[in-house]
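So the chains spell out like this:
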Amino acid sequence: MQRSIPRIPPDRDLSIDAVRAVCLPVVVLLHALQMGIGGEPLRASNALDGWQPLAWATWVLMIMPTFFIAGGFAGITTWRRLRHAGESVGHYVRIRTLRLARPVATAMAGVLLVLVAMLVSGVDPELLRTFAVRLAEPLWFIAVYMLVTAFVPLMSWLHHRAAWATYFGLAGAAVACDLLARFAGIPLLPLNWLLVWLFVQQLGFGVRDGWYAKRPRWLLVALAVAAYALLVVAVFGLGYSNDMLDNLNPPTSTIILLALAQCYLFTLLQPAIRALMRRRPVLLAVGALGTFGMVVYLWHTVAMALVLWAQLAVGLPFPEPLSASWWWTRIPWVLAIAAVVALLCLVVPRLERLWPQARDRRTPAWAAWGWSVVAVVGVGWTLVLGYLPLQQGLVGLALVLVAVVGLTVGGPGRGAKPRPRVAERRERAVRR
């Protein structure tokens, strides 16, 4: 007898689950390949920095815009569900921030623990310092995602009342910051950490409401081609880097164009992805990737540290990055990281379950946003200053932990007891 496919909530789009499940492992693979350790004495660097084959490949492989689009879809879906259940903005921001801050704090502690153990074992401190800088780089996504997620209730309100003005306002402000920084020397580009990714998240709202799926397929193809054509103009006519990773930190106008292209292409592929997701093996694989996606993303840095430590202990050689022998060693390097990550997927969820449950208290929106900012600052601190020296990494971790405690304890008063049906809806929303 054929086994039935698990019941899917009516407001859940499996094509979104699919792209979210695929995006994070692709990003992790790129980060693992970028880790270059070589020289005399050994130092860590971005091995693929300036490597042109990767630069052109990022026009397809740099899929962080797609993840933020999927995040926008999931964010507005969760907010609408919670609002329908009678919950507040503060409650939404609180649970969404906790859902990110707790695993981030656990992973940051894991990285620091392994780095300290490596220092104690006699590993070159300068090698570890350069290595720790590379380990901190994936935190940029957590900081930005946590920030834009906290804006979902406000951006949802704007999306409902002035959608086009919001799209053009965000895009126009981001382009203005980019051009003023580029051609007038006015240092406004860091504002695009917020403006660009809020715009991309807003695209996810449009996907959620079926805006793009209602357009003719020929128009979506034409719009995707137009976005890539403008990207070509930006690179060859305005001097932007052809490497989308260079355009990512902080994001330039090219990321807006890339996000638009990926949004249109994703909409074109949605029917095929949904059909594929009706196959039980695919559904189970995507479900597994979705379940352990954050573990893979956050803890692959711990895995890289453990693999490096083992390589140093055994005395294996470190070929010069980008050499033929270095490329051959990427196979065991990636496989070893994958094996350690697989083991961590068995252990980490048990560690994360040790966090105390959030108290059922009414949290004012200003308090939830405030604690979210503290968590973002803590992650950003480690991202900018690194895990080492040790006191820097501890400060970043401490800030995230303080935010987790504040969000777990909640506001000053206990929330009103909801009606049974509302309570049931809220429980389902929280589990989601």
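Each chain has its residues counted from 1, following the order in which its sequence is written. Note on the predicted model: pLDDT of at least 70 is required for a residue's local features to be given, and 80 or more for side-chain atom pairs to be given and counted; whole-chain, interface and lining totals, by contrast, use all residues. Side-chain figures throughout are based on the complete set of non-hydrogen atoms in the structure, without hydrogens or water.

A.B. asks: I keep staring at unusual backbone geometry and nothing clicks. Help me out?
C.D. replies: Peptide bonds are trans in most cases, and residues, glycine excluded, mostly fall at negative phi. Each neighbour pair has its own omega, and for E40 with P41 the value is 5 degrees, a cis peptide bond. Residue placement: P41 occurs in the loop between β1 (35-38) and β2 (43-46). A cis geometry characterises the amide bond from N249 onward to P250, with omega recorded as -10 degrees. A helix here means a DSSP run of H or I that spans at least four residues, while a strand means a run of E at least two residues long, and both kinds are numbered starting from the N terminus. Position of P250 relative to the elements: it lies in the loop between α9 (217-237) and α10 (253-277). A positive phi angle, near 75 degrees, is found at L322, a position not held by glycine. Within the element layout of this structure, L322 appears in the loop between α11 (280-314) and α12 (324-352). Using a relative accessible area of 33% as the deciding quantity, one classes L322 as partly exposed. When accessible area is computed with a 1.4 Å probe and restricted to protein chains, residues below 20% of their type maximum are described as buried, those above 50% as exposed, and intermediate ones as partly exposed.

A.B. asks: What exactly am I supposed to notice about the confidence of the model for the chain here?
C.D. replies: Should the pLDDT be low somewhere, the predicted coordinates at that spot are not to be read in detail. Here pLDDT means the predictor's own confidence in every residue, given as a number from 0 to 100. Averaged over all residues, the pLDDT of the chain equals 90, while 92% of them reach at least 70. Contacts: residue pairs with any heavy atoms within 4.5 Å of one another. Counting interchain partners and residues more than four positions distant, the pLDDT-below-50 stretch residues 414-423 has ten contacts.

A.B. asks: Is there a simple way to explain the packing of aromatic side chains in this structure?
C.D. replies: We describe a pair of aromatic rings using the distance from one ring centre to the other and the angle between the two ring planes. Pairing of aromatic rings covers Phe, Tyr and Trp, the last counted by its six-membered ring, and requires centre-to-centre distances within 6.5 Å; plane angles under 30 degrees mean stacked, over 60 mean edge-to-face, and any other angle means tilted. The final tally for this structure, using the stated rule, is 23 aromatic pairs. Ring centres of F68 and Y145 lie 5.7 Å apart, and the angle between their planes is 65 degrees; on these two criteria the pair is classed as edge-to-face. Separated by 77 residues along the polypeptide, F68 in helix α3 (residues 64-84) and Y145 in helix α6 (residues 139-150) bring together distant segments of the chain. Residue class for Y145 comes out buried when judged on its relative accessible area of 6%. An aromatic cluster is present here, built from F67, F68, W140, F141, Y145, W193, W197 and Y297 joined pairwise through their rings. Here the guanidinium or amino end of R182 rests over the ring plane of Y240, the centre of that ring lying 4.1 Å away. Above the plane of the ring of F73 lies R208, whose end atom (NZ or CZ) is 5.5 Å from the centre. The criterion is that NZ of a Lys, or CZ of an Arg, lies within 6 Å of the ring centre and within 35 degrees of the ring normal, and then a charge sits over that ring.

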